[in-house]
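Chain and residue survey
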Amino acid sequence: MELYIDEEDNHQRVECRRVAAAVGIMTMGDHAPNAPVASLVFPVLIRPILAQVERENVASSQTLRAALSKVETAHPGFTYELVMGLVRKADLTVNMNESILRLQGSVNESESGDYRVTRTEDAFQELNKKSANLKRILSRIPDEITDRKTFLETIKEIASAIKKLLDAVSEVSQYIPGTQGKQALEHRKRDFVKHSKKFSNTLKEYFKEGQANAVFVSATYLIHQTNLIMLTVKDKCE
């Protein structure tokens, strides 16, 4: 079976490969990292940059967005490797987990429809609010983790936000058609709970060992799991 690739699509792929080669990364094969930070680079870092470019040059921004989206879909983690290639070229030291976590707080969820449900019912709008709120609170961790008193209050906020998100997911599940759809959302919910417990355990270890990066990594996992819940709801309800 042959796959048809139009001229514009092929041009976009060639351009992305050219850029990748320039910064010394691989675009084919299973080289993408498994860490959730890889899945967050495009929506949290790249898309806001493209939105700024769009104010100056709409055509260029849309072309680049389309190209990067296609490559990221075909090769998850491409934009992460692209950014890390640029970081290496510049001889910089960057903690990507911490950086992406900080940047999550500046993302305007209402401008990006990727992780927002368009259904107008109250249950879906509450889910949008609760998911965005949890991610916003998690994004504060890098700035607050060194202040024990403030961080303890933030942890309480996170726990409350997690519970409210799970309640919102339960409300939305009533709208999911079919057994398979409900099971898919329940599976996402279980994964989210599992990573919530891991986050709690990581916090306990942090107060013993003081390894902040482990907390950053665990927080990005929670953001990733939140996004997966939203994608599942969108897939089953829109």
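Please refer to the structure placed before this passage.
Residues numbered from 1 in each chain as written. Predicted model: local features only at pLDDT ≥ 70, side-chain atom pairs only at ≥ 80, totals over all residues. Heavy atoms only, no water.

**Concerning the packing of helix H2 (residues 37-56) against helix H3 (residues 58-74)**
Threshold: Axis definition: a line fitted to C-alpha atoms, limited for helices to the stretch in contact. Angles are taken between N-to-C directions and run from 0 to 180 degrees. Segments assigned H or I by DSSP are reported as helices when at least four residues long, segments assigned E as strands when at least two residues long, and all are numbered from the N terminus. Here is the rule for angles: anything less than 35 degrees is roughly parallel, anything more than 145 is roughly antiparallel, 65 through 115 is roughly perpendicular, and the remaining ranges are oblique. Take the far helix as the reference: if the near one is turned anticlockwise from it by less than a right angle, the crossing is left-handed, and if turned clockwise, right-handed. The criterion used for residue contact is that any of the two residues' heavy atoms lie within 4.5 Å. Residues are grouped as follows: nonpolar covers Ala, Val, Leu, Ile, Met, Phe, Trp, Tyr, Cys and Pro; charged covers Asp, Glu, Lys and Arg; every other residue, Gly included, is treated as polar.
In contact at an axis separation of 8 Å, H2 and H3 are set at 165° when each is read in the N-to-C sense. By the angle class used here, H2 and H3 are roughly antiparallel. Of the two possible hands of crossing, H2 and H3 adopt the one that is left-handed. Residue-level inspection shows Ala38, Phe42, Ile46, Arg47, Leu50, Ala51, Val53, Glu54 and Glu56 of H2 in contact with H3, the latter providing Val58, Ser61, Gln62, Leu64, Arg65, Leu68, Ser69 and Glu72. Residues that form the contact of H2 with H3 fall into these classes: nine nonpolar, three polar and five charged.

**As for the layout of surface pockets**
The following threshold applies: Grid points spaced at 1 Å and placed over the protein atoms alone form the basis of the search, with a cavity being a set where a 1.4 Å probe fits but cannot get out and a pocket an open set showing protein on both sides within 12 Å along at least five of seven lines. Lining residues have an atom within 4 Å of a point. Grid points are joined across faces, edges and corners, and a volume is the space filled by probe spheres set on the points.
Within this model, the largest pocket holds a volume of roughly 490 Å³. Lining the largest pocket are 22 residues, with Ser39, Glu72, Tyr115, His224 and Leu231 positioned closest to its centre. Elements with a contribution of two residues or more to the lining of the largest pocket: H2, H3 and helix H10 (212-237). Per-element tally for the lining of the largest pocket: the top contributor is H2, with six residues.

**Focus on the environment of serine 200**
Note the threshold: Buried, partly exposed and exposed residues are distinguished by accessible area as a fraction of the type maximum, computed with a 1.4 Å probe on protein chains only: under 20%, between the cut-offs, and over 50%, respectively.
Within the element layout of this structure, serine 200 appears in helix H9 (residues 179-209). Using a relative accessible area of 33% as the deciding quantity, one classes serine 200 as partly exposed. When the C-alpha atoms of serine 200 and valine 215 are compared, they prove to be 9.3 Å apart, with 15 residues separating the residues in sequence.

**Looking at helix H8 (residues 148-173)**
Put simply, the rule is: By this rule, a helix spans an expected 1.5 Å times one less than how many residues it contains.
An ideal rise of 1.5 Å per residue puts 38 Å on 26 residues; H8 measures up with 37 Å between its terminal C-alpha atoms. Of the positions making up H8, those classed as buried are Phe151, Thr154, Ile155, Ile158, Ala161, Ile162, Leu165, Leu166, Ala168, Val169 and Val172. Where H8 is buried, its residues meet helix H6 (122-138), helix H7 (141-144), H9 and H10.

**Re the environment of isoleucine 155**
Positionally, isoleucine 155 belongs in helix H8. Using a relative accessible area of 19% as the deciding quantity, one classes isoleucine 155 as buried. Sequence separation between isoleucine 155 and leucine 203 is 48 residues, and the spatial gap between their C-alpha atoms is 8.8 Å. Beyond its immediate chain neighbours, meaning those up to four positions away, isoleucine 155 contacts Leu203 and Phe207.

**Quick notes on the packing of aromatic side chains**
Selection rule: Whether two aromatic rings pair depends on their centres lying within 6.5 Å, for rings of Phe, Tyr and Trp, where Trp uses its six-membered ring; planes under 30 degrees apart make the pair stacked, over 60 edge-to-face, and the rest tilted.
Evaluated as defined, the whole model comprises four aromatic pairs. For the ring pair tyrosine 206 and phenylalanine 207, a centre distance of 5.3 Å and an interplane angle of 65° mean the geometry is edge-to-face. Classification of tyrosine 206 by relative accessible area gives buried; the value is 14%. Grouping aromatic residues by their ring pairs yields a cluster made of Phe151, Tyr206 and Phe207.

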